[in-house]
Amino acid sequence: MDYRDHYPAALRWLSHLVDFCLALGGIAIITLVFCNASLRGFAGFDLAWSLEVTSFLLLWSTFIGCSAAIARGAHMRVTEIVEKLLPTSVQRSLSILIDVIIAALLISLIYTGYHISVHTWAQKTTVLYWPVGLLYASMPAGMTISLIFHLFNMTYDLRNPVVPHAAHSDGGEAVT
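Treat the numbers as computed from the prediction; the structure is a model and nothing was measured.

(A) Main features of the overall build of the protein chain. Scanning the protein chain for helices and strands turns up 6 helices and 0 strands. Scanning the protein chain from its N terminus toward the C terminus, one meets helices and strands in the order α-α-α-α-α-α. Taken against the 2.2 N^0.38 rule, which gives 16 Å for 176 residues, the C-alpha radius of gyration of the protein chain at 20 Å runs more than 25% over that of a compact globule. In terms of overall dimensions, the protein chain has C-alpha extents of about 65 × 35 × 35 Å along its principal axes. Within the protein chain, buried positions represent 31% of all 176 residues. Within the protein chain, residue pairs in contact and separated by at least 24 positions form 69% of the contacts whose partners lie at least 6 positions apart.

In structure tokens, the structure reads:
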């Protein structure tokens, strides 16, 4: 279920900002890789800095992309076995438990990523001399945005019970 239609204005704005950054990052990655490969093939040299910028953009896009997927409710779920074996009340309790575990995992990733970023901030990259911690800061930044979206989605799901996925081809509908 795509949760973005149910977001308050601030979260909708954040979701649009994430989408814009992902589109911009994707275009920049494609452009840098294409230009660098073309230069290497036609001119016999490449831009050393483009490899560092591309790796930064790829990592940031990965973690920010996680938050975009959470906002859309697009992360993979395999629910067929649970739906066939467990009653609806147990399925709901299991869903809540899984949401709490995911929130705890996101908090753990934010904490760990922050410490990795802080401990590597003094190191510099070889070409651009950017802080290596900036590369690792992508994890706590992306996971923080993911946690914000996940907490709203979890609250929305608690307030709006979902019909089992098997009854709907699109992965479940909120009961109104």
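(B) Quick look at the layout of surface pockets. Quantified by volume, the second largest pocket comes out at close to 210 Å³. Taken together, Leu14, Leu17, Val18, Cys21, Leu22, Leu24, Gly25, Leu57, Trp60, Ser61, Ile64 and Ile145 make up the full set of residues lining the second largest pocket. Of all the secondary structure elements, the ones that give two or more residues to the lining of the second largest pocket are α1 (9-43) and α2 (48-72). With 7 residues, the top contributor of residues to the lining of the second largest pocket is α1. Of the residues in the lining of the second largest pocket, the class split is 10 nonpolar, 2 polar and no charged.

(C) How the structure looks around the state of the cysteines. Scanning all chains against the criterion turns up 0 disulfides. Not engaged in a disulfide, the cysteine Cys66 finds its nearest cysteine sulfur in Cys21; these two sulfurs lie 15 Å apart. Here Cys66 falls in the buried class, since its relative accessible area comes to 18%.

(D) Inspection of the packing of α2 against helix α6 (residues 138-159) at higher detail. It is the contact of α2 with α6, at a shortest axis distance of 8 Å, that shows an interaxial angle of 0 degrees. Classed by the angle they form, the pair α2 and α6 counts as roughly parallel. Where α2 abuts α6, its residues Leu59, Trp60, Phe63, Ile64, Cys66, Ser67, Ile70 and Ala71 lie against Ser138, Met139, Ala141, Gly142, Met143, Ile145, Ser146, Phe149, His150 and Asn153.

(E) Representation of the nonpolar core. Judged by nonpolar contacts, the single largest core of 20 residues is most densely connected at Tyr7, Met143, Ile145 and Phe149. Mapped by element, the contributors of at least two residues to this core are α1, α2, α4 (88-120) and α6. Apart from the residues within four sequence positions on either side, Ile145 is in contact with Leu14, Val18, Ile64 and Ser67.

(F) Structural context of α4. The end-to-end C-alpha distance of α4, which contains 33 residues, comes to 47 Å, matching closely the 48 Å that a straight helix rising 1.5 Å per residue would cover. For α4, the set of buried residues is Gln91, Asp99, Ala103, Leu106, Ile110, Gly113, Ser117 and Thr120. Packing partners of the buried residues in α4 comprise α3 (80-85), α5 (132-136) and α6.

(G) View of the side chain of Thr120. Relative to the elements of secondary structure, Thr120 occurs in helix α4. Residue Thr120 is classed as buried on the basis of its relative accessible area, which comes to 12%. Leaving out residues up to four positions away in the same chain, Thr120 has contacts with Val132, Gly133 and Tyr136.

(H) Region of the structure containing the packing of aromatic side chains. In total, this model carries 4 aromatic pairs according to the counting rule given. Among the aromatic side chains, those forming a connected cluster through ring pairs are Tyr7, Phe149 and Phe152.

(I) Structural context of unusual backbone geometry. Backbone geometry places Tyr129, a non-glycine residue, at a positive phi of 60 degrees. Considering the arrangement of structural elements, one finds Tyr129 in the loop between α4 and α5. Accessibility expressed as a relative area gives 57% for Tyr129, which makes it exposed.

Calculation criteria
Residues numbered from 1 in each chain as written. Predicted model: local features only at pLDDT ≥ 70, side-chain atom pairs only at ≥ 80, totals over all residues. Heavy atoms only, no water. Helix = DSSP H or I, 4+ residues; strand = E, 2+ residues; numbered from the N terminus. Rg over C-alpha atoms; globule rule 2.2 N^0.38 Å. Buried < 20%, exposed > 50% of the residue type's maximum accessible area, 1.4 Å probe, protein only. Contact = heavy atoms within 4.5 Å. 1 Å grid on protein atoms, 1.4 Å probe; cavity = no way out; pocket = protein on both sides within 12 Å on 5 of 7 lines; lining within 4 Å. Points joined across faces, edges and corners; volume = space filled by probe spheres on them. Nonpolar A, V, L, I, M, F, W, Y, C, P; charged D, E, K, R; others polar. Disulfide = S-S within 2.5 Å. Axes fitted to C-alpha atoms, helices over the stretch in contact; angles between N-to-C directions. Parallel < 35°, antiparallel > 145°, perpendicular 65-115°, else oblique. Core = buried A, V, L, I, M, F, W, Y, C linked by side-chain atoms within 4.5 Å. Expected span 1.5 Å × (residues − 1). Phe/Tyr/Trp six-rings, centres within 6.5 Å; stacked < 30°, edge-to-face > 60°.

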